[in-house]
Amino acid sequence: MRNSIFFIIVSLVVAIFCFAEVGWAEPTNVTVRVISRDAKFIGDSMGGVKVTLRDAQTGELLASGKTQGNTGDTKRIMTQDRNRDFSLSTEDAAKFSATLDLEEPRLIEVTAFGPLAKQTSANRVSAVQWIVPGKHLTGGDGWLLQMPGFVVDVLAPSMNFKLKGGVPGMVELKANVTMMCGCPIKPGGLWDANRYEVKALIKRNGKTAGKVSMSYADITSQFSGILHVKESGTYEAVIYAYDPNNGNTGLDKITFMVSE
């Protein structure tokens, strides 16, 4: 009998020391959403955004994944009046959710990279904050990050372009431009084509060779312009979209040959 009692006491002492060593981990829920600057959430339609949670002090990886869901309610995000507790998101708006087992408060860094379906236009944003065990970061929009940029895809010229008829001549420049969430741009639309500056910065043989203004091409999200070339050489066109109201900027580039 005494041996049994002794065994129980020893087991309890060992258990107490074990718990003291490993700590009392508490499940702590974190929801991360990524919203395109001046637009909607980045979700399935753009391949989502890669989200990584790390301990900001040790670098330990705590969770990773990608946002999933739709771009959210347009009216709620873009036009509805808001108070301090207003949430931009609805339940189906794109998000990444994770449960962290925290034993003590940790300074956590979240990093978002995307959109994953258009990595040539992808940007990276991050933020840091303290999270206390059992104090969930899920209320409202959760941990909300804003992703700057435009998705810009050069449509013309192609990389194997060759000017017909020699020089001088004309080269059509064309690009597709959307918000980072994939939201379309057109004149008079919610994302008004007349609001944005779209231009091509031209280099010839590595040296600056001028700029070309591009205008709406009568197709949703497409812009075009004409480059007049007078000399042969290797050309580079950097096509950018810029919003003068908030500084939002995105670009793509293409290199092509013009021969005699």
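Here the structure is a predicted model, which is why all the values come from computation and not from measurement.

Digging into unusual backbone geometry
Reasoning step 1: The amide bond that connects glycine 114 to the next residue, proline 115, takes the cis arrangement and shows omega of 10°.
Reasoning step 2: Take proline 115: it is sitting in the loop between β5 (106–114) and β6 (123–131).
Reasoning step 3: The amide bond that connects alanine 156 to the next residue, proline 157, takes the cis arrangement and shows omega of 0°.
Reasoning step 4: Positive phi, close to 65°, is recorded for aspartate 218, a residue that is not glycine.
Reasoning step 5: By the secondary structure assignment, aspartate 218 is in the loop between β11 (207–216) and β12 (222–229).
Reasoning step 6: The backbone of serine 221 sits at a positive phi, close to 75°, despite the residue not being glycine.
Reasoning step 7: For serine 221, the position within the fold is in the loop between β11 and β12.

A short note on the sheet that holds strand β14 (residues 249–258)
Note: strands within a sheet are paired through backbone hydrogen bonds, in either parallel or antiparallel orientation.
Reasoning step 1: Taken together, 7 strands build an open sheet; the order of strands is β8-β9-β12-β11-β10-β13-β14 and the sheet is antiparallel. Lying at the two open borders of the sheet, with one neighbouring strand each, are β8 (150–156) and β14. Taken pair by pair, the neighbouring strands of this sheet meet at an average axis angle of 25°, ignoring direction.
Reasoning step 2: Looking at chain direction, strand β10 (residues 197–204) and β11 are connected through 7 bridges and run antiparallel. Its bridge partner being in β11, lysine 199 is matched across the sheet by serine 213.

Reading the values: rules and limits
Residues numbered from 1 in each chain as written. Predicted model: local features only at pLDDT ≥ 70, side-chain atom pairs only at ≥ 80, totals over all residues. Heavy atoms only, no water. Helix = DSSP H or I, 4+ residues; strand = E, 2+ residues; numbered from the N terminus. Pairing = 2+ DSSP bridges. Axes fitted to C-alpha atoms, helices over the stretch in contact; angles between N-to-C directions.

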